[in-house]
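Chain by chain, the residues:
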Amino acid sequence: MPTVHLLDYVAGNVRSLVNAIEKVGYEVEWISSPDQVAQAERLILPGVGHFGHCLSQLAAAGYLPAVRKHIDEGKPFMSICVGLQALFNGSSEDPACSGLGMIDGSLTRFDDSTKAVPHIGWNDARTAGLQFYDLRPASKYYYVHSYNYPYREGELEAQGWSVATATYGGETFVGAVARGNVVATQFHPEKSGVAGLRMIRAFLDGSGAKSLGQPLPASVSEVTTAPGLTRRVIACLDVRTNDQGDLVVTKGDQYDVREKSDDRGVRNLGKPVELAERYYAQGADEVTFLNITSFRDCPLADVPMLEILRLTSKTVFVPLTIGGGIRDTVDTDGTRVSALDIATMYFKSGADKVSIGSDAVTAAEAYYAAGKQLSGTTAIEQIAGAYGNQAVVVSVDPKRVYVAAANLAECKHSTIRTAFPGPNGEEYCWYACTIKGGRETRDFDVVQLTQAVEAMGCGEILLNCIDKDGTNSGYDLELISQVKSAVHIPVIASSGAGNPSHFAEVFEKTTTDAALGAGIFHRGEYTVTEVKDYLAKEGLVVRQFDG
Ligand code: 1PR
């Protein structure tokens, strides 16, 4: 097997990149000191997280001169996400820190006054009809970033770069650049399904550099897709051990996952890895695993979820999120383990994001109790600090609490007027946060929670709804609109999807950034492909699986 070298500067969750490289037939060798860079024929610089953190790690370890030398010698070099940003002079994310300065320009943050930031999801990498490492106008690529380099026609081209672009909420930015032996992508090719694997292969086999800038063949340029960020459809797998001790995908009705029959066994809807692979092949834009019970009677390092991630990430090349049990804890041998250590284990096993539930509520309550002071010690802050905001999702499990008009003045929570009055005709409601899988309700609302976790550095909200879970009656649009207007980070609508029109409805009637379904897919009622075909028919932009 031919070899590719990856620069290891503790850049976080790079397991998916290794898996993608192996999938296209290459072997990965890690470079863990600057003097090893000279051995590399093809070198990849992965990048996640914060610009300053990435550049200062690289500089402190003494890599920058070695990387420059590799590039100057004309050897193949690829960099990803923050790795692309590193080629510029600098970034407003950390003005004190310098980039490699190969591209004259500095990155800025997306404007979040009109859209969610980070920019998360599948978008274009368009090249004005020219070849660029097998990027195709019919394909979409997975982006996750808050900072970007705005595209100004002719500017980078005048410096000799070929450029691929994407547009997010009116801002057109650089999605990828290439010149000579160098190619860099703002998107994550290793998480961009078959389209991304094609691009990695074009880098590794040298064909991408050779054909750069030549006209695209008509057969490729004529097949296009609607431009812009697609509507993300996420498949969610609630995983737990059943009474026989097997790890199964289950699904509750309002969080009750036991059968209605007398034996009250745990509902078994299939095997986690198999289902994840099936949904990937159907075109799911992401897969989320929620470990809904703590099945921890074994040492943390052996939790079965780690193996599920390892296996899934070898064959599923879209982002994987894992939730459940991410908090400071004590291992079976009495060792204290931090939430960050647990997250690290998951990232090393193939997760791209971790999702935090109960612990986020507790941390948010403490944040208000401390007068909105950040402690720096919460799981959210620690994990976001090490892996970037985009790696931290907060999963919210709210329940409706009705309020009569007469009691509105004394209700201290963020209420909405609801079109679905309560059992006694109450016309108002608020959404109470719960913890421990809905078993404990807190006197704390979703607006308080989501604003606090945004301040702590959470990158995305997974918004469930206990009242709607498993009902097949559609999403709670009122809840989603309330949370969307409370925060600037992306929100994933969850709970209640029963048919494709529910997905269309949530995208058309709210500004949600993504929609998640569970039971609808596990029970085989609809496939992800059918949902996306429906959305496309409704005129919504979706990514079609292009395998
Ligand atoms: O508190 O950090 O340990 O995380 C526990 C995680 O497990 C949380 O994300 C919490 O949402 C989840 N969870 C706990 N108990 C349950 C349960 O069902 N008994 N599941 C549970 C949450 C909700 C969604 C579901 C959607 C869509 N399940 O995952 O997928 O409601 O369902 P639908 O499309 O079928 O309506 P921590």
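Just so it is clear, the model here is predicted, and its values are computed rather than measured.

**Some thoughts on the overall build of the protein chain**
Helix and strand content of the protein chain: 17 helices and 27 strands. Against the compact-globule benchmark of 24 Å for 547 residues, the protein chain has a radius of gyration of 23 Å, which places it among compact chains. Structurally, the protein chain occupies a C-alpha span of about 75 × 55 × 45 Å along its principal axes. A separation of at least 24 residues holds for 70% of the contacts in the protein chain among residues at least 6 apart in sequence. For the protein chain, the computed accessible surface area is about 20600 Å², with 49% contributed by carbon and sulfur atoms. Within the protein chain, the 66 negative side-chain charges are centred at a point lying 2 Å from the centre of the 49 positive side-chain charges.

**A closer look at the sheet that holds strand β4 (residues 77-80)**
Pairing between the strands of a sheet comes from backbone hydrogen bonds, and it takes one of two forms, parallel or antiparallel. What the seven strands build is an open sheet, ordered β2-β1-β3-β4-β12-β11-β10; its pairing is mixed. The sheet is open, and its two edges are formed by β2 (27-31) and β10 (162-168), each paired on a single side. Averaged over all pairs of adjacent strands, the angle between their axes in this sheet comes to 25°, without regard to strand direction. In terms of strand pairing, strand β1 (residues 3-7) meets β2 through five bridges, oriented parallel. Its bridge partner being in β2, H5 is matched across the sheet by E29. Lying on the sheet, helix α1 (residues 15-23) is in contact with β1, β2, β3 (43-45) and β4; it crosses β1 at an angle near 170°.

**Section: the sheet that holds strand β6 (residues 103-109)**
Pairing in this open sheet of three strands is mixed, and the strands run β5-β6-β9 from one edge to the other. Both outer strands of the open sheet, β5 (88-91) and β9 (147-148), are each paired with one neighbouring strand and no more. With two bridges joining them, β6 and β9 adopt antiparallel strand pairing. Paired with R109 across the two strands is Y147, which belongs to β9.

**Regarding the side chain of S79**
Following the sequence through the fold, S79 ends up in strand β4. Side-chain polar atoms of S79 contact the backbone oxygen of G83, separated by 3.0 Å. Excluding anything up to four places from it in sequence, S79 contacts L45, L84, L87, V183, A184 and T185.

**Let's talk about the pairing of strand β14 (residues 247-250)**
The alternating pattern of β14 places L247 and V249 on one face and V248 and T250 on the opposite face, and all of these are buried. Examined bridge by bridge, strand β13 (residues 232-241) and β14 share four bridges and lie antiparallel to one another. Bridging across to β14, R240 finds its partner in V248. Between the end of β13 and the start of β14, which pair antiparallel, lie five residues, with G245 showing a positive phi angle near 90°.

**A word on the environment of F77**
For F77, the position within the fold is in strand β4. It is 9.8 Å that separates the C-alpha atoms of F77 and H5, two residues lying 72 residues apart in sequence.

**Observations regarding the site of the ligand**
Taken together, 24 residues surround the ligand, and among them S358, S395, D397, D469 and S495 come closest. One nitrogen or oxygen atom from the main chain of G325 is found 2.8 Å from an oxygen atom belonging to the ligand. One of the side-chain N or O atoms of S495 is found 2.6 Å from an oxygen atom in the ligand. When isolated, the ligand has an accessible area of 760 Å², and the protein chains bury 96% of it. Among the residues forming the shell around the ligand, the class breakdown is six nonpolar, 13 polar and five charged.

Thresholds applied
- Residues numbered from 1 in each chain as written.
- Predicted model: local features only at pLDDT ≥ 70, side-chain atom pairs only at ≥ 80, totals over all residues.
- Heavy atoms only, no water.
- Helix = DSSP H or I, 4+ residues; strand = E, 2+ residues; numbered from the N terminus.
- Rg over C-alpha atoms; globule rule 2.2 N^0.38 Å.
- Contact = heavy atoms within 4.5 Å.
- Areas by Shrake-Rupley, 256 points an atom, 1.4 Å probe, with all protein chains shown as cover.
- Lys, Arg positive; Asp, Glu negative; His and termini not counted.
- Charge placed at Lys NZ, Arg CZ, Asp CG, Glu CD.
- Pairing = 2+ DSSP bridges.
- Axes fitted to C-alpha atoms, helices over the stretch in contact; angles between N-to-C directions.
- Polar contact = N/O pair within 3.5 Å; in protein donor to acceptor, adjacent residues only side chain to side chain.
- Buried < 20%, exposed > 50% of the residue type's maximum accessible area, 1.4 Å probe, protein only.
- Near = heavy atom within 4 Å.
- Nonpolar A, V, L, I, M, F, W, Y, C, P; charged D, E, K, R; others polar.

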